[in-house]
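Breakdown of the fold
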Amino acid sequence: MVEDIAKQADLTNCDREPIHIPGAILPHGAMIVVDPATYAVLQVAGDTKALLGIGHDDMLGQSLETMLRPDQMEMLRRVNIVHTLAKPRHLLDPVLRFMPDQALDVSIHRIDGVLILEAEAADLTDRFAADPLSGVQEMVEGFDAPMTLQALCQLASERVRAVAGYDRVLVYRFMHDDSGWVIAESREPHLEPFLDLHYPAADIPKQARALYVKNWLRLITQVNYTPARLSPQNNPRTGKPLDMSQAILRDVSPIHREYLRNMGIDASMSISIIRDGKLWGLIACHNYSPRLLPRHLRAVCELFGSMFSLQLEARDKGELFEQRLASRMVLQNLMLNLATADDYAEGLTKQSPNLLDYIVTGSSVADGMGKGGVAVSIKGSLTFLGITPSKPQIASLVSWMNDNLERLQQGEGVYATDRLGEVWPEAAAYADVASGILFISVTDAPSDFIIWFRPELVGTTSWAGQDNKRVKSGPHGDRLTPRKSFEVWKETIRGRCLQWTPGDIDAAYDLRVSLLHVVLRRINAVAYERKRAADRDQLLMAELDHRVKNTIANIQALVRQTSRSSESVTGFVTGLEGRIRSMAKAHSLLSQSRWESVSLTRLIHEELDPYKNSGTYLNVSGDGLLLTPKSALSLSLAIHELATNAVKYGALSQPGGSVAVAWQTSERGIDLSWTEAGGPPVSSPNRTGFGTTLIEKALGMETGGTSKIDYFRDGIVCTIFLPNSSLSKTATAAPVQIVDLPKIPDVVMPDPLGEDFRILIVEDSFLAVMSIEGFFNELGWKIVGPASRKDAALALAQTETFDAALLDVNLDGEMSWDVAAVLQERGIPFVFSTGYDRANILPDFLAGSVVLGKPFREDELEGKLRECIRAMRADQVFA
């Protein structure tokens, strides 16, 4: 039955081929399907005799306990209990060797109530076999440099080919209609280029795209092979075929293999590029001879795909942020103009800036005029700007929009299309001036719209062959066959405009909100209030920019510290992913309150809810309290580390265990306790790991509180104290009095390039301090401090001796200008570090000071400090 399903495809829709239940695997590996309760072998496939030393008949029905060492079984049980195994977990050689002389890489995952072990021969001769992390570092080097999207994708294709060794590597982007576009390529010189070719959507069916979202990586070692069938074909206990959606060795669709054969490809690998949970594209690797990439290199490529996806997402969000910031500034000026306009349609189109400045509708032409236009329709009256359809054509369009408004609106009162003639055929008559529209409904009244028009953008697309699957008869009946021709043909695209961006949609929505709340109400004091709103928005955007860059700096420090404390690629990925996820949860809670406060109860539940199960117990109790953003982020990381430790080694690692989290307020602040019971016996660790450091040091530094872990035999107890300043409230700091200080005496000093310096560190981020401290230790420099609050920084600046200082601009809401003034008075050089816009953050008396933008490189920090010390000592020599 499964064999028939695997070889047949629906004649009308290739998307229905059940590729997730092929009933077979790639022949170079072996698969064992195991009962997770008894570890009895239910199904097997592949060359188990060569890889595992045991034939199929000898394995079926037997327990893995008869095939593995006791320590291997203990490790397997621990992995089975502790981890969800929703995705494959890699156990690289020699963790799970079945035979002493056969190097073996194994992956394990869980699906439909069974454990699936997949084994492949390990390649210990590869240069990255002993240190896979070095492969990741080699691939991501230079990706933090500013570059275009095409340059970034080109660098990715070159790095993947350098490490993975394929003949050709493409970056393949999915378009809005699911067709594919090759936007970057690295290849052997003799191969014909595929760059800029487009491929029909049918080349990668829907169910294949769905599996690419589930699996970061897919490997085909060679196109011509005989699949290794499962024995028995169906699960003997359920009678159902095995779901191989997450299987690394899953057999490949015969239709896809024929497609690759038609392209002349003999081996391939695909790395998914995922953005916001959706498939953005693929890094497609082609080889023209068989190519078996070792498991550890696939793990490296899989991690690279994840990091590259994050890089693309961060880049796109950064561009959207910049576009949103620019549009908000234009919007503020538009609203100021409207405050004095009797007719707001005239105010939006006849003054500067106008609606065409707010949302760009096309490029300039030779006579200096702009393509595209905008129309404002209010109660049947039309006002035009730029190049638009005629008045009767717009009136007909408005009537159609009114009739279809509920169906058209994307979100509240906004709609956009780049192909109006396909949505409404009547518009094809004026496609040259309006192939696309973006409109907002200004009020609930009919006919009240603002409509932007974009002209036709005639384009030519190069397709890698036409989509012409044909029906072929064979021993298993009729089935679809992939196209054989990949000869380039060109298609002229008409009736479409330049696509509207998410930034355009956001700008339109912002304008609609502003018109509803300000213009239509005609508030008498609108001009004054809008000016204040513009100032507030500018401050808000600066603060948001500061927070984003500080978050990136924290993540940068997390990556460094996690990599230093991790012993494997898996440990690095798991540790980093968990910590970033914890930060993301806290950020989500903060976003819900507009970064004003976070409920302590919700924060605790967000961190602990994933660990609820029937065998363990969680008890959370305490007053309803709101924490400041900084305290919430620090506490979130600490609770994450405690929970992760409890799941791995503590009370949540076995049935019957319990964790109680309780807190109460006092005159001084918040007393919180984490108490574990019912877990394995506890002993004090031999070394202090990064997680313990986050708990015991980071909380104290970033909140001004304390934290302590006690390792009682019955369970860990962690006591945390947060001062009242951690509670969300409004407070005004008292002004600081700067006392007169003696200057450092002028002395002639040699060139400082080779000296060991003493540097004052003023920084309120524990992770940033930890990263700086590690770097300075490598340089042989000494740290004075660090100081995380302004009062402590002033005390050190007034009394300590040091060569230079690194000053964070914002210390938990207080600016460090007073500290800089003390250093100026003493004649000590300093460098500011900040996530704010460096162009206009400094007060006048500090203008010209050295400012380092976050996140910064270590060599950049070293260079700035050396330069300011050298300059100061040169001034002293010539004084």
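Notes on the structure follow. (Residues numbered from 1 in each chain as written. Predicted model: local features only at pLDDT ≥ 70, side-chain atom pairs only at ≥ 80, totals over all residues. Heavy atoms only, no water.)

Our next topic: the packing of helix α22 (residues 790-799) against helix α23 (residues 817-826). At their nearest, the axes of α22 and α23 sit 9 Å apart, and the two run at 5° to each other. Taken together, the axis directions place α22 and α23 in an arrangement best described as roughly parallel. Taking contact as the criterion, the partners of K790, A793, L794, L796, A797, Q798 and T799 in α22 are, on α23, D818, V819, V822, L823 and R826. Considering only residue class, the contact of α22 with α23 consists of 7 nonpolar, 2 polar and 3 charged. (Axes fitted to C-alpha atoms, helices over the stretch in contact; angles between N-to-C directions. Helix = DSSP H or I, 4+ residues; strand = E, 2+ residues; numbered from the N terminus. Parallel < 35°, antiparallel > 145°, perpendicular 65-115°, else oblique. Contact = heavy atoms within 4.5 Å. Nonpolar A, V, L, I, M, F, W, Y, C, P; charged D, E, K, R; others polar.)

Next up on the list: the sheet that holds strand β17 (residues 436-441). Remark on secondary structure: sheet strands pair via backbone hydrogen bonds, oriented parallel or antiparallel. Taking strand neighbours across the sheet as the criterion, the 5 strands line up as β15-β14-β18-β17-β16 in an open arrangement whose pairing is antiparallel. With partners counted over all chains shown, the strands left at the sheet margins are β15 (381-386) and β16 (414-417), one partner each. Direction aside, neighbouring strands of the sheet carry axes that sit 10° apart on average. By the bridge criterion, 6 bridges tie β17 to strand β18 (residues 449-454) in an arrangement that is antiparallel. Counted as the bridge partner of I440 is I450 from β18. Those strands touched by helix α12 (residues 391-403) are β14 (373-378), β15, β17 and β18, and its axis lies near 120° from that of β18. (Pairing = 2+ DSSP bridges.)

Taking 1.5 Å of rise per residue, 20 residues should cover 28 Å, and helix α19 (residues 629-648) covers 29 Å from first to last C-alpha, within 8% of that figure. Burial of α19 is extensive: 17 of the 20 residues sit out of reach of the surface. (Expected span 1.5 Å × (residues − 1). Buried < 20%, exposed > 50% of the residue type's maximum accessible area, 1.4 Å probe, protein only.)

Within the element layout of this structure, P200 appears in the loop between β9 (198-199) and α7 (206-214). Residues P200 and D178, 22 residues apart in the sequence, show an inter-C-alpha distance of 7.7 Å.

Take the packing of aromatic side chains next. All chains considered together, the criterion is met by 13 aromatic pairs. Judged by centre distance (6.1 Å) and plane angle (85°), the ring pair of F143 and F308 falls under edge-to-face. Here the residue F143 occupies a position in the loop between α5 (132-140) and α6 (149-164), and F308 occupies one in helix α9 (residues 295-338), the gap between them amounting to 165 residues. Aromatic pair F304 and F308: ring centres 5.9 Å apart, planes at 15°, arrangement stacked. With a gap of 4 residues between them, F304 and F308 both fall in helix α9, about one helical turn apart. The class of F304 is buried, set by a relative accessible area of 2%. Residue classification places F308 among the buried residues on the basis of a relative accessible area of 2%. Through pairs of rings, three or more aromatic residues link up here, namely F757, F775, F776 and W781. Sitting above the plane of the Y166 ring, R291 keeps its charged end 5.7 Å from the centroid. Cation over ring: R454 sits above W500, and NZ or CZ is 3.9 Å from the ring centre. (Phe/Tyr/Trp six-rings, centres within 6.5 Å; stacked < 30°, edge-to-face > 60°. Lys NZ or Arg CZ within 6 Å of the ring centre and 35° of its normal.)

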